[in-house]
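# Understanding the architecture of this molecule
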Amino acid sequence: MELFDRVLAKVRQPGVDKPIDITQAIRQEMDKKAIPMSRERTVAPNRFQVFLTPETDAAFEEWGKAALEAEFIRDAQAYAEEQHYSLVGSVQIELLAAEPGARRTEVRSHTIQSAQAVAPPENNVPSGQKKRDDSVTSGPEISPSFRPVSSAAATNRSNADKVLDENQDKPLLEVVGGQTYLLVGDKTVVGRGKNVDISLEDTSVSHQHFEIVRMGTHYVLHDLGSTNGTFVEGNKVAEATLLDRNILTAGRVKMIFWRQAAEEGSGQ
């Protein structure tokens, strides 16, 4: 109770925003920046940077910014669903310190896509290779079902080639028998829900099943409390650092994590 009393005292200080103030500010920013694309689809921003006044930043630091960010993300996700907003990726919220002397908290929003499709779901097999079936085997014989990036400039390149060429340090996630995605963001959420970065249309997959987070030079998978669990190389995990060609399983869906596939032509 002593910690709670200290936090409550800080929240009641003049100039200190309450968590509900931030929640309302994020909702208002989402409403203000929502863009109707059609009668059935309104796209809202999914990334928010909240610049806190020095007093609020100090209070939130004592309370725990990570816990607050998680609560704000959950509320923004729920609000988007309640308002029937479409998001191009998972909700991301950063609590940042404003410049010294700032008198009000400011919320800035962006629309950011965390994963880009780089291969059509079918028949995208390089010349001379056989099309793989939906079964997955481990070992060096696995080869990506997309064309490796070439370091030499080429004419008439497809959009997928260009995207790969511009993001040669980024990994790829191949859904076996489906689409291949380039993980361009620092966090990629995978699941069955609408407002995720990579959507898997399988009822055995949870709405938000797992996420892949960039940690320095590594990529770490976190299970998001999925019903059927997340498996890496056949082992059920809550968290795992991913390696090149790791086999991931969510429900009945198998995926391959290609850490180095996009670097083959870069000479690294």
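Residues numbered from 1 in each chain as written. Predicted model: local features only at pLDDT ≥ 70, side-chain atom pairs only at ≥ 80, totals over all residues. Heavy atoms only, no water.

## Some points on the packing of helix α2 (residues 19–33) against helix α4 (residues 65–82)
Packed helix pairs are characterised by how far apart their axes lie and by the angle those axes make with each other. Their axes nearest at 10 Å, the elements α2 and α4 cross at an angle of 40°. By the angle between their directions, the pair α2 and α4 is classed as oblique. Crossing hand, α2 versus α4: right-handed. Where α2 abuts α4, its residues P19, I22, T23, I26, R27, M30 and D31 lie against L68, F72, D75, A76, Y79 and A80. In the contact of α2 with α4, the residues fall into nine nonpolar, one polar and three charged. (Axes fitted to C-alpha atoms, helices over the stretch in contact; angles between N-to-C directions. Helix = DSSP H or I, 4+ residues; strand = E, 2+ residues; numbered from the N terminus. Parallel < 35°, antiparallel > 145°, perpendicular 65-115°, else oblique. Left-handed = near helix turned anticlockwise from the far one by under 90°. Contact = heavy atoms within 4.5 Å. Nonpolar A, V, L, I, M, F, W, Y, C, P; charged D, E, K, R; others polar.)

## Focus: the pattern of salt bridges
For the coordinates displayed, the defined rule picks out 11 salt bridges. Of the charged contacts, one joins E29 and K33 as a salt bridge, the two residues approaching to 3.0 Å between their closest N and O atoms. With E29 and K33 both in helix α2 and four residues apart, the pair spans about one turn of that helix. Overall, E29 belongs to the buried group, its relative accessible area being 6%. On the basis of relative accessible area, K33 is assigned to the partly exposed category, the value being 37%. What emerges from the salt-bridge pattern is a single network uniting E29, K32 and K33. (Salt bridge = Lys/Arg side-chain N within 4 Å of Asp/Glu carboxyl O. Buried < 20%, exposed > 50% of the residue type's maximum accessible area, 1.4 Å probe, protein only.)

## Quick word on helix α3 (residues 54–63)
When we look at burial in α3, the residues that qualify are T56, D57, A59 and F60. One face of α3 carries all of its buried residues, which in axial projection span an arc of 165°. Backbone geometry just after α3 places G64 at a positive phi near 120°. (Arc of directions from axis to C-beta.)

## Side note on the environment of T241
Mapped onto the elements, T241 comes out in strand β16 (residues 239–241). Looking at T241, the relative accessible area reads 46%, which means it is partly exposed. Along the backbone, T241 and Y219 are 22 residues apart, and their C-alpha atoms lie at a distance of 5.9 Å. The contacts of T241, once residues within four sequence positions are left out, are H218, Y219, V220 and N246.

## Details of the pairing of strand β3 (residues 47–52)
Counting buried residues along β3, five of its six residues qualify, which places the element largely inside the surrounding structure. In this sheet, strand β5 (residues 92–97) lies alongside β3 in parallel orientation, the contact comprising six bridges. When the bridges of β5 are listed, Q49 appears paired with E94. By the bridge criterion, five bridges tie β3 to strand β6 (residues 106–110) in an arrangement that is antiparallel. The residue bridging V50 from the neighbouring strand is V107, located in β6. (Pairing = 2+ DSSP bridges.)

## Structural notes on unusual backbone geometry
Phi angles above zero are rare outside glycine, and H84 is one such case at about 60°. Topologically, H84 is positioned in the loop between α4 and β4 (85–86). Take H84: its relative accessible area is 59%, and that puts it in the exposed class. With a phi angle near 55°, E233 is a residue other than glycine that sits in the positive phi range.

## Looking at the sheet that holds strand β2 (residues 42–43)
An order of β1-β2-β4 is seen for the three strands of this open sheet, with the pairing classed as mixed. In this open sheet, the two strands that pair with only one neighbour each are β1 (35–36) and β4. Across two bridges, β2 lies against β4 in parallel orientation. Bridged to V43 within β4 is S86.

## Focus: the confidence of the model for the protein chain
On average, the protein chain scores 79 in pLDDT, and the residues at 70 or more come to 74%. Scored below 50 in pLDDT, residues 121–157 shows 55 contacts in the model against residues more than four places distant or in partner chains. Contacts from residues 261–268, a stretch scored under 50 in pLDDT, to residues over four places away or in other chains number 18 contacts. (pLDDT = per-residue confidence, 0-100.)

## Here we look at the sheet that holds β5
The mixed open sheet is built from three strands, whose spatial order is β5-β3-β6. Among the strands making up the open sheet, the edge pair consists of β5 and β6. Taken over all neighbouring pairs, the strand axes of this sheet differ in orientation by 20° on average, direction set aside. Together, β3 and β5 form the strand contacts of α4, whose direction differs from that of β5 by roughly 140°.

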